[in-house]
Amino acid sequence: PATATSPAGLFATGAPEKSFILPPHSVAFAYDQKDLYINFSARFPADYIIQKGGEGDGARIWPTESFEFWAHVGGKRVRFGGNVAGGRVAQTMPSLPLKVDWDYQSTVSHQIDDTKLWRGKVRIPLSALGITGSPVGKEISCNFARTWAGLAPVGTSSLSENPNYGDTKHFGTLRLSQ
């Protein structure tokens, strides 16, 4: 069985006081013996223009409406990212392809109040995050971020309020507990 966390709040990077004026969005994490699962959502206002980006592996992710999951693994930074259209990329920084079997699903649904709800589901093997054996009690140094390409100017949000959310000194710790 997977163990889940409560949805985490995301800060408006560089301007945490603006966090509550961003459209509603959240992220939650869960895991089982083999994989880390990330579910996130964002509700776009009716007049929001969604920058979808390209589809498939290696598609143009930035600067479109996108997510990034960063982790610090074995002294290296890894990044998993995806956009609304379902495009995805996995990299070992600086920008080298990461060969790992991971999944990303993206859906956008029109809501009764004319908003649009983007939901993303991500599955990353724990082994790609440096975790082998029982995951219970292990920790992942990481950050989750969103690019709001439809805002003027473009905005970002992450688990850290620092706009340099890919820098390991701004990562938090995800503890895998029972």
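Residues numbered from 1 in each chain as written. Predicted model: local features only at pLDDT ≥ 70, side-chain atom pairs only at ≥ 80, totals over all residues. Heavy atoms only, no water.

Student: Is there a simple way to think about the side chain of Ser66 in this case?
Tutor: Of note, Ser66 is situated in strand β5 (residues 66-73). Setting aside anything within four residues of it in sequence, one finds Ser66 in contact with Ile61, Gly82, Asn83, Trp118, Ala145, Arg146 and Thr147. (Helix = DSSP H or I, 4+ residues; strand = E, 2+ residues; numbered from the N terminus. Contact = heavy atoms within 4.5 Å.)

Student: Help me understand the pattern of salt bridges, please; the structure alone is not making it clear to me.
Tutor: Side-chain pairs of opposite charge can arise where the charged atoms are in close proximity. Per the stated rule, a full pass over the model turns up 7 salt bridges. Where Asp35 meets Arg123, a salt bridge forms, and the shortest distance between an N and an O atom there is 3.0 Å. Taken together, the residues Asp35 in strand β4 (residues 35-44) and Arg123 in strand β10 (residues 116-125) connect sequence positions 88 residues apart. Here Asp35 matches Arg123 in class, with each residue buried. Between Arg88 and Asp57 there is a salt bridge, and its shortest N-O distance comes to 2.4 Å. You can see Arg88 sitting in strand β7 (residues 88-92) and its partner Asp57 sitting in the loop between β4 and β5, a full 31 residues away along the chain. Residue classification places Arg88 among the buried residues on the basis of a relative accessible area of 16%. Ionic contacts of the salt-bridge type, sharing partners, join the residues Asp35, Asp101, Asp103 and Arg123 into one network. (Salt bridge = Lys/Arg side-chain N within 4 Å of Asp/Glu carboxyl O. Buried < 20%, exposed > 50% of the residue type's maximum accessible area, 1.4 Å probe, protein only.)

Student: Is there a simple way to think about the packing of aromatic side chains in this case?
Tutor: How two aromatic rings sit relative to each other is set out by the distance from centre to centre and by the angle between their planes. Within this structure, the stated rule accounts for 11 aromatic pairs. Their ring planes at 85 degrees and their centres at 5.0 Å tell us that Phe40 and Trp118 sit as a pair that is edge-to-face. You can see Phe40 sitting in strand β4 and its partner Trp118 sitting in strand β10, a full 78 residues away along the chain. Each member of the pair, Phe40 as well as Trp118, carries the same accessibility label: buried. Between the NZ or CZ atom of Arg146 and the centre of the ring of Trp148, over which it lies, the distance is 4.2 Å. (Phe/Tyr/Trp six-rings, centres within 6.5 Å; stacked < 30°, edge-to-face > 60°. Lys NZ or Arg CZ within 6 Å of the ring centre and 35° of its normal.)

Student: Any chance you could explain the nonpolar core here in plain terms?
Tutor: If you look at soluble globular proteins, the nonpolar side chains tend to sit buried side by side. Ranked by size, the top nonpolar core spans 34 residues in total, and within it Leu36, Ile38, Phe69, Phe80, Ile124, Leu129 and Ile140 carry the most contacts. When contributions to this core are tallied by element, the ones reaching two or more residues are β3 (25-31), β4, β5, β6 (76-83), β10 and β11 (139-148). At 5 residues, the largest contribution of residues to this core is made by β4. If you look at the next biggest cluster of nonpolar residues, it comprises 5 residues, including Trp70, Met93, Ala145 and Phe171. (Core = buried A, V, L, I, M, F, W, Y, C linked by side-chain atoms within 4.5 Å.)

Student: Just checking my understanding: could you explain the side chain of Thr64 for this structure?
Tutor: Summarising the element assignment, Thr64 is placed in the loop between β4 and β5. The exposure class of Thr64 is buried, given its relative accessible area of 2%. At a separation of 2.3 Å, a polar atom in the side chain of Thr64 contacts the main-chain carbonyl oxygen of Ile61. (Polar contact = N/O pair within 3.5 Å; in protein donor to acceptor, adjacent residues only side chain to side chain.)

Student: Quick question: what am I supposed to make of the pairing of β10 here?
Tutor: Judged by how many residues are buried, β10 sits mostly within the fold: 7 of 10 residues are covered. Relative to β10, strand β9 (residues 103-110) runs antiparallel, the two being bridged by 8 bridges. Bridging from a neighbouring strand, Ser106 pairs with Gly120 of β10. (Pairing = 2+ DSSP bridges.)

Geometry only, nothing functional implied.
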